[in-house]
Amino acid sequence: MRIGKVYLVGAGPGDPGLLTVRGQELLRQAEVVIYDRLVNPRLLEETPSGAIRIFVGKASGSHNLPQEKINALIVQHAREGRFVVRLKGGDPFVFGRGGEEAGALAKAGIPFEVVPGVSSAIAVPAYAGIPLTHRQCSSSFAVITGHEACKEAPSVDWTQLATAVDTLVVLMGLKGLPAIVSKLIAAGRPADTPVALIRWGTTDEQETVTGTLDDIVEKSLRLKPPVVAVIGNVVALRDQIRWFKELAGPAEEILDDGVQPQIQP
C-alpha cells in the first residue's frame, strides 16, 4: 500500500482572505482535512465534496482530542495512502504544536510539507491598527504564550521582558492576564504602559479593549478567548491609524467592499 503525504497548513488568523495561495491549492486537493477550532469554516468550502473533514479543536480548558491522539490520527490517514491537510489556525509553528506533529510524522516515516500561515501575533494587531514596530517607539517585539504566566516554574523570564523588549504580544493570555500584569509592573514596566486586548481579530467579530497595565485587568473581565494582548507604546498609535471596522468600534469605513468573515466561538 502506498503511503500518503501530510501538509501542515497555516490557515491564518481568521479572515479567509489571508490564507496563502499554496494553502488554498492544497485544500482543493485534500482527501482528509483535520482542522482546529480557530479555522474559519469558510475555508472548508475549498475542499472537494468527498473529502473527510475531522474537527480536533481545542478551547480554553477543553480539548476535543489530546495532542497524542491528533498525531496518531494524522499518521493513520497518511498510512492509509491519503492526501492529508492538517489545517491549523495562524501559523503551524507559532504556538500551534506544528513542531510536535512534524516530529511525529518524521518518526513514523511519513512524508510531509509545512505551509506557513499568517500568524495572529502579527495580523491581529495590524487589524486593530497597531504596528508592532515603529521608528518612534518600538524597535523590538516578542511573542509569548500566556500559558507560561500560570505555571509555577515558567520558562518565560517576565522580569527580563519587562525592560528589554519594546512591544509584547501575548497569545492565549486572557486567563493569565492578572499574573502577567503583576509580573511586568513588579519588574519595572510603567503602570501607565498602553495595553490592547483584541478578541476574534481579523473577523467581523473583532473587538478591541484598550487601557493600561494599571487598569486592563478590570476592563478584561467581560472578554472571553480567543484574545491577543499587545503591551507597549505602539498601542497608542491605534487612534490614529485604525482602519478596520470593529464589532463595537466607531463607524469608520472599511477600505474595501469585501464581506468580512465570521467565525463562531
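Note: the structure precedes this text.
Keep in mind it's a predicted model, so treat the numbers as computed, not measured.

What counts and what doesn't
Residues numbered from 1 in each chain as written. Predicted model: local features only at pLDDT ≥ 70, side-chain atom pairs only at ≥ 80, totals over all residues. Heavy atoms only, no water. Buried < 20%, exposed > 50% of the residue type's maximum accessible area, 1.4 Å probe, protein only. Helix = DSSP H or I, 4+ residues; strand = E, 2+ residues; numbered from the N terminus. Pairing = 2+ DSSP bridges. Polar contact = N/O pair within 3.5 Å; in protein donor to acceptor, adjacent residues only side chain to side chain. Salt bridge = Lys/Arg side-chain N within 4 Å of Asp/Glu carboxyl O.

K.L.:
Tell me about the pairing of strand β2 (residues 32-35), and name the residues and values.
P.N.:
Across the two faces of β2 the burial is the same, with Val32 and Ile34 and Val33 and Tyr35 all buried. Strand direction decides the pairing type here: β2 and strand β3 (residues 52-55), joined by four bridges, are parallel. Directly across from Val32, in β3, lies its bridge partner Ile52. Both β2 and strand β6 (residues 83-88) contribute to a ladder of four bridges, which runs parallel.

K.L.:
Could you give me a rundown of the side chain of Asn40, with the residues and numbers involved?
P.N.:
Topologically, Asn40 is positioned in the loop between β2 and β3. From its side chain, Asn40 meets the backbone oxygen of Gly14 in a polar contact 2.8 Å long. Of note is the side chain of Asn40, whose polar atom sits 2.9 Å from the backbone nitrogen of Arg42.

K.L.:
If you had to explain the pattern of salt bridges to someone new, which residues and values would you point to?
P.N.:
This structure, assessed with the given rule, holds 11 salt bridges. Across the pair Glu207 and Arg222 runs a salt bridge, and its minimum N-O distance is 2.5 Å. Linking Glu207 in strand β11 (residues 207-212) with Arg222 in the loop between α7 (216-219) and β12 (227-231), this pair joins segments that are 15 residues apart in sequence. Using a relative accessible area of 11% as the deciding quantity, one classes Glu207 as buried. A relative accessible area of 56% means that Arg222 is categorised as exposed. For the salt bridge of Glu246 with Arg238, the shortest nitrogen-to-oxygen distance reads 3.3 Å. Both residues of the pair, Glu246 and Arg238, count as buried.

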